[in-house]
Amino acid sequence: SSKLRVFSSSTEVDKIMGCPDASSTEAVAAETADIPRFYPIGTPGKPWSDDERNEWKESRKHHRSYKEEVLDKLDKLKSNDALEVVQYGALSHNPQRYPLFAVKSKQWKEERSTLLVTGGVHGYETSGVQGALLFLETQAAKYTEQVNILVAPCISPWAYEHIERWNADLKDPNRSFKKGNETEESAALMSYLDSLNVKEWACHLDLHETTDTDELEFMPAKHAEAGLAYSGEVIPDGFYLVGDSENPHLEFHQAIISGVEKVTHIVKDEDIIGEPAKSDGIILVPVNTLGLCGSITGGKCPATTTEVYPDSPRATDAICNDAQVAAIVSGIDYVLKH
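We now turn to the structure provided with this report. (Residues numbered from 1 in each chain as written. Predicted model: local features only at pLDDT ≥ 70, side-chain atom pairs only at ≥ 80, totals over all residues. Heavy atoms only, no water.)

Another point: a negative patch on the surface. Taken together, the side chains of Asp50, Asp51, Glu55 and Glu58 present a region of like negative charge at the surface. Relative to the helices and strands, Asp50 is located in helix 3 (residues 50-58). (Patch = residues over 30% accessible without salt bridge, like charges linked within 9 Å, V, L, I, M, F, W, Y side chains within 5 Å. Areas by Shrake-Rupley, 256 points an atom, 1.4 Å probe, with all protein chains shown as cover. Salt bridge = Lys/Arg side-chain N within 4 Å of Asp/Glu carboxyl O. Lys, Arg positive; Asp, Glu negative; His and termini not counted. Charge placed at Lys NZ, Arg CZ, Asp CG, Glu CD. Helix = DSSP H or I, 4+ residues; strand = E, 2+ residues; numbered from the N terminus.)

Below you can see the structure in the form of structure tokens.
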């Protein structure tokens, strides 16, 4: 999920990305001297060593099968007359287990604008992956006469199998979509998009979830690894969108909210993950500064990050997947009308 705040300086951005300002060592030491233990690995207040990073990696477990839950579904799409399944890379630490695939319009035409959908940037966020696949199975073909379709349903497959936010190198792929800070996952996708020479992006939807495990596991791990204190998260109950503060396209976002609220409930809070809501279920952050996947189309076309809340008592796996599909369909319908 996109646990984000707007920052007033590059130093603040560095801190949240796990890179405390080296010039403020004494202040950091004072702040962290009395940190209670909140994560089982490492010493509170001290950044992890390589040994501790290895301890984290060796303690991870497989929880589900990328092959069974993703690759097998992609195999079935190969018989779809309108869509083409393309391998654009593989993760080097296990290329046979973790090939990287996208699905695109079979009748790709350069003069058409291109819809981009990305899922599984954070592998633990299940409906981001399964929602993208459901869109391909049920909705994508009907748009292929109007726009080029491009869907990368599971960008971080190691994290999908292990139900993790980080990749196998303890990097957050959703802070790595900018030159000089790439992970294998983001670099492979960016290289593939560059090879397509897309002239015009119609829109981009990056599919995510905000989950209770953000507060219980993933944010504590992030802070522990960086040697920082952790004071908890406020997890919003419902669906919301994270747009680009430099390229807001608010009407695009509002059209998505209108479509999704027919499927699941929208966050109505005035403040969402520390950000003021522009309207129900919509916040804006600097996606390029943070290196989010939502910046990958260059900042001109409408782009957003969806955030489904699967742990709500009002949500089910099916509702979460349907909400992701509703977001994609509502977004592209808006673009095609405007």
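As a further point, take the packing of helix 9 (residues 250-260) against helix 11 (residues 317-337). At their nearest, the axes of helix 9 and helix 11 sit 8 Å apart, and the two run at 135° to each other. On the basis of their axis angle, the class for helix 9 and helix 11 is oblique. When the axes of helix 9 and helix 11 are compared, the crossing they make is right-handed. Residues Glu251, Phe252, Ala255, Ile256, Gly259 and Val260 of helix 9 pack against Ala323, Ala326, Ala327, Ser330, Gly331, Tyr334 and Val335 of helix 11. Grouping the constituent residues of the contact of helix 9 with helix 11 by class yields nine nonpolar, three polar and one charged. (Axes fitted to C-alpha atoms, helices over the stretch in contact; angles between N-to-C directions. Parallel < 35°, antiparallel > 145°, perpendicular 65-115°, else oblique. Left-handed = near helix turned anticlockwise from the far one by under 90°. Contact = heavy atoms within 4.5 Å. Nonpolar A, V, L, I, M, F, W, Y, C, P; charged D, E, K, R; others polar.)

Quick look at the sheet that holds strand 10 (residues 303-308) now. A sheet is described by the order of its strands in space; here eight strands give the open sequence 1-2-4-3-5-10-6-9, paired in mixed fashion. Edge positions in the open sheet fall to strand 1 (83-90) and strand 9 (282-285), since each of these has one partner strand only. Mean inter-strand twist for the sheet, computed between neighbouring axes without regard to direction, equals 20°. Relative to strand 1, helix 7 (residues 184-196) is tilted by about 130°, and along the sheet it contacts strand 1, strand 2 (99-105), strand 3 (114-119), strand 4 (148-152) and strand 5 (201-209). Where helix 11 meets the sheet, it contacts strand 3, strand 4, strand 5 and strand 10, and its direction lies at approximately 165° from that of strand 5. (Pairing = 2+ DSSP bridges.)

Looking now at the packing of aromatic side chains. Geometry of an aromatic ring pair is reported as the spacing of the ring centres plus the angle between the planes. Taken as a whole and judged by the stated rule, the model has nine aromatic pairs. Arranged with centres 6.1 Å apart and planes meeting at 80°, the rings of Trp48 and Trp166 form a pair that is edge-to-face. With Trp48 in the loop between helix 2 (25-32) and helix 3 and Trp166 in the loop between helix 6 (157-162) and helix 7, this pair connects stretches of sequence that are 118 residues apart. Judged by its relative accessible area of 8%, Trp166 is buried. Where Tyr88 meets Tyr192, the ring centres are 5.4 Å apart and the plane angle is 15°; that geometry is what we call stacked. Taken as a pair, Tyr88 in strand 1 and Tyr192 in helix 7 lie far apart in primary sequence, 104 residues in all. Each member of the pair, Tyr88 together with Tyr192, is buried. Here the aromatic residues Tyr39, Trp48, Trp56, Trp158 and Trp166 are joined through ring pairs into a cluster of three or more. Across from the ring centre of Tyr160, 3.8 Å away, lies the NZ or CZ of Arg64, which sits over that ring. (Phe/Tyr/Trp six-rings, centres within 6.5 Å; stacked < 30°, edge-to-face > 60°. Buried < 20%, exposed > 50% of the residue type's maximum accessible area, 1.4 Å probe, protein only. Lys NZ or Arg CZ within 6 Å of the ring centre and 35° of its normal.)

Before going further, it helps to examine the pairing of strand 4. Within a regular strand, the side chains alternate between the two sheet faces. Most of strand 4 sits inside the fold, with five of its five residues counted as buried. Residues Asn148, Leu150 and Ala152 line one face of strand 4 and the alternating positions Ile149 and Val151 line the opposite face, and both faces are buried. Both strand 2 and strand 4 contribute to a ladder of two bridges, which runs antiparallel. Within strand 4, the position partnered with Lys104 by the bridge is Leu150. In this region the chain leaves strand 3, passes through helix 5 (residues 126-138) and returns to the parallel neighbour strand 4; the handedness of that crossover is right-handed. (Right-handed = clockwise from strand over helix to strand, strands pointing away.)

As a further point, take helix 8 (residues 212-226). Under the 1.5 Å per step criterion, the end-to-end length of helix 8 is 21 Å for 15 residues, consistent within 8% with the ideal 21 Å. Buried within helix 8 are the following residues: Asp214, Phe218, Met219, Pro220, Ala221, Lys222, His223, Ala224, Glu225 and Ala226. Just downstream of helix 8, Gly227 is the residue with a positive phi angle, here 75°. (Expected span 1.5 Å × (residues − 1).)

It is worth spelling out the pairing of strand 10 at this point. In terms of burial, strand 10 is a largely internal element, six of the six residues being buried. Burial of strand 10 is two-sided: the residues Ala303, Thr305 and Glu307 facing one way and the residues Thr304, Thr306 and Val308 facing the other way are all buried. With three bridges joining them, strand 6 (residues 240-244) and strand 10 adopt antiparallel strand pairing. Residue pairing for strand 10: Val242 is matched across the bridge by Thr305.

Limitation: the analysis is restricted to geometry and does not speak to function.
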